[in-house]
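# Structural features, examined
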Amino acid sequence: VQLQASGGGLVQAGDSLRLSCAASGRTFRSDVMGWFRQAPGKERVFVAGITLSGGNTRYADFVKGRFTISRDNNKNTVYLQMNSLKPEDTAVYYCAARGGGITVLSSARNSYYYWGQGTLVTVSS
């Protein structure tokens, strides 16, 4: 499986960005998907996750109310809409898939088997 994240860039505080993650090489509909981020010098942390049908989502507290995860199974793509961006949102954002037909959402980094290459989001103050 391959995951290709895109949509990062340099924005100002308060702006919005939408990240995309295109999946190929396997049945996208069978995967629970997640977004993680890694700021410079820090660990990679969970941002948001979404179940197969998109009916269940989970967010880290620090993005609740600002970020929205969604998916389009017809396009094999998962999105992360980021609004009201803050300088502390600056990080490399990674999409990930749990794989293995697992249907349960998880925020644990080690529960995701497939990873994209990351896309850099920089928010200036």
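The structure presented is a predicted model; accordingly, all values stated were derived computationally and were not measured.

The rules we used
- Residues numbered from 1 in each chain as written.
- Predicted model: local features only at pLDDT ≥ 70, side-chain atom pairs only at ≥ 80, totals over all residues.
- Heavy atoms only, no water.
- Pairing = 2+ DSSP bridges.
- Helix = DSSP H or I, 4+ residues; strand = E, 2+ residues; numbered from the N terminus.
- Axes fitted to C-alpha atoms, helices over the stretch in contact; angles between N-to-C directions.
- Phe/Tyr/Trp six-rings, centres within 6.5 Å; stacked < 30°, edge-to-face > 60°.
- Buried < 20%, exposed > 50% of the residue type's maximum accessible area, 1.4 Å probe, protein only.
- Lys NZ or Arg CZ within 6 Å of the ring centre and 35° of its normal.
- Disulfide = S-S within 2.5 Å.

## Here we look at the sheet that holds strand β3 (residues 17–24)
The strand order across the open sheet built from four strands is β1-β3-β8-β7, with neighbouring strands paired in antiparallel fashion. Because the sheet does not close on itself, it has two edges, and the strands there are β1 (2–6) and β7 (67–72). Between one strand and the next, the sheet's axes are offset by a mean angle of 15°, whatever the strand orientation. Relative to strand β8 (residues 77–82), β7 runs antiparallel, the two sharing six bridges.

## Some remarks on the packing of aromatic side chains
Scanning the entire structure with this criterion turns up five aromatic pairs. Here Phe36 and Tyr112 contribute two aromatic rings whose centre-to-centre distance is 5.1 Å and whose plane-to-plane angle is 75°, an arrangement assigned as edge-to-face. With a gap of 76 residues between them, Phe36 in strand β4 (residues 33–38) and Tyr112 in the loop between β9 (91–97) and β10 (114–115) connect regions that are remote in the sequence. Classification of Phe36 as buried rests on a relative accessible area of 0%. Residue classification places Tyr112 among the buried residues on the basis of a relative accessible area of 4%. The ring of Tyr94 carries Arg44 above its face, with NZ or CZ at 3.6 Å from the centroid. Positioned above the aromatic ring of Trp115, the side-chain terminus of Arg44 is 5.0 Å from the ring centre.

## Considering the side chain of Thr51
Here Thr51 lies in the loop between β5 (44–50) and β6 (57–59). For Thr51, a relative accessible area of 11% corresponds to the buried category.

## A few points about the state of the cysteines
All chains considered together, the criterion is met by one disulfide. Here Cys21 is linked by a disulfide to Cys95, with a sulfur-sulfur distance of 2.0 Å. Disulfide Cys21-Cys95: the torsion about the S-S bond is 60°, which places it as right-handed. In this pair, Cys21 sits in strand β3 while Cys95 sits in strand β9, placing the two residues 74 residues apart along the sequence. For the pair Cys21 and Cys95, one class covers both residues: buried.

## Examining the pairing of β9
Where burial is concerned, most of β9 is hidden: six out of the seven residues are buried. Note: β4 against β9, six bridges, orientation antiparallel. Note that in β9 the partner of Met33 across the bridge is Ala97. Note that β9 and strand β11 (residues 119–124) share three bridges and pair antiparallel. Its bridge partner being in β11, Tyr93 is matched across the sheet by Thr119.

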